Amino acid sequence: AFADRIGGGAILQVGVAGWSLFTILTPFCAPHGIFSVVLCRALMGLFEGLCFPSVHAIIGVHIPDRWLSLVTAIATAASYVGTIAGYW
């Protein structure tokens, strides 16, 4: 995948920076109408989508083969725990 060729760390940085930028810009888009809010949220989701593949690329490079499935399971489960914690 793209994160494997470029490097997971670089893609993760771009993803988090874009995700954060469009999260910050969302309230400023609201006075301009629903289309600008939806566009801002869609761009946020686009950058958010870079995070999972890059994390898995980083895991694939830095974790020994015998631990790959455990670490991948923990990383995936942690994302769901973070989502649940965000709703509290």
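Attention in this report is confined to the structure presented alongside it. Residue numbers run consecutively from 1 along every chain, following the written order of its sequence. Restriction of local features to residues with pLDDT of at least 70 applies here, the model being predicted, together with a cutoff of 80 or more for giving and counting side-chain atom pairs; totals for whole chains, interfaces and linings are based on all residues. Side-chain numbers here rest on the full set of heavy atoms in the structure, without hydrogens or water.

### Quick notes on the nonpolar core
Stated formally: Among the buried residues, those of types Ala, Val, Leu, Ile, Met, Phe, Trp, Tyr and Cys that are joined through side-chain atoms within 4.5 Å form a nonpolar core. Buried means the residue's accessible area, taken with a 1.4 Å probe over protein chains only, is under 20% of the maximum for its type, while exposed means over 50%, and partly exposed covers the values in between. The way it works is that DSSP assigns letters per residue, a run of H or I at least four long becomes a helix, a run of E at least two long becomes a strand, and they are numbered from the N terminus. Note on contacts: a residue pair is in contact if any heavy atoms of the two residues lie within 4.5 Å.
Core analysis: the biggest nonpolar cluster contains five residues, these being F22, C29, V37, C40 and M44. Mapped by element, the contributors of at least two residues to this core are α2 (8-29) and α3 (34-48). Looking at which element gives the most residues to this core, the answer is α3, with three residues. Sequence-distant contacts of F22, defined by excluding residues within four places in its chain, comprise C40, L43, M44 and F47.

### Points about the layout of surface pockets
Going by this rule: The distinction between a cavity and a pocket rests on a 1 Å grid over the protein atoms alone: a 1.4 Å probe fits inside a cavity but cannot get out, while a pocket stays open yet meets protein on both sides within 12 Å along at least five of seven lines, and a residue with an atom within 4 Å of a point counts as lining. Grid points are joined across faces, edges and corners, and a volume is the space filled by probe spheres set on the points. Three categories are distinguished: nonpolar for Ala, Val, Leu, Ile, Met, Phe, Trp, Tyr, Cys and Pro, charged for Asp, Glu, Lys and Arg, and polar for the others, with Gly belonging to the last.
There is about 320 Å³ of room inside the largest pocket. Lining the largest pocket, in full, are W19, E48, G49, C51, F52, P53, V55, H56, A75, T76, S79 and T83. For the lining of the largest pocket, the secondary structure elements donating two or more residues are α4 (51-62) and α5 (68-86). A total of five residues in the lining of the largest pocket trace back to one element, the largest contributor, which is α4. For the lining of the largest pocket, the residue count by class is six nonpolar, five polar and one charged.

### Focus: the environment of L39
Relative to the elements of secondary structure, L39 occurs in helix α3. For L39, a relative accessible area of 43% corresponds to the partly exposed category. The spacing of L39 and W67 is 28 residues in sequence and 40 Å in space, taken between C-alpha atoms.

### Side note on the packing of aromatic side chains
Remark: the centre distance and the inter-plane angle together describe each pair of aromatic rings, the angle taken between the planes. Short version of the rule: Each Phe, Tyr or Trp ring (for Trp, its six-membered ring) is paired with any other whose centre lies within 6.5 Å, and the angle between the two planes then decides the class: stacked below 30 degrees, edge-to-face above 60, tilted in between.
Per the stated rule, a full pass over the model turns up one aromatic pair. Plain terms: the ring middles of F22 and F47 are 5.8 Å apart, the flat faces sit at 25° to each other, and that makes the pair stacked. Taken together, the positions of F22 in helix α2 and F47 in helix α3 put the pair 25 residues apart, joining distant regions of the chain. On the basis of relative accessible area, F22 is assigned to the buried category, the value being 15%.

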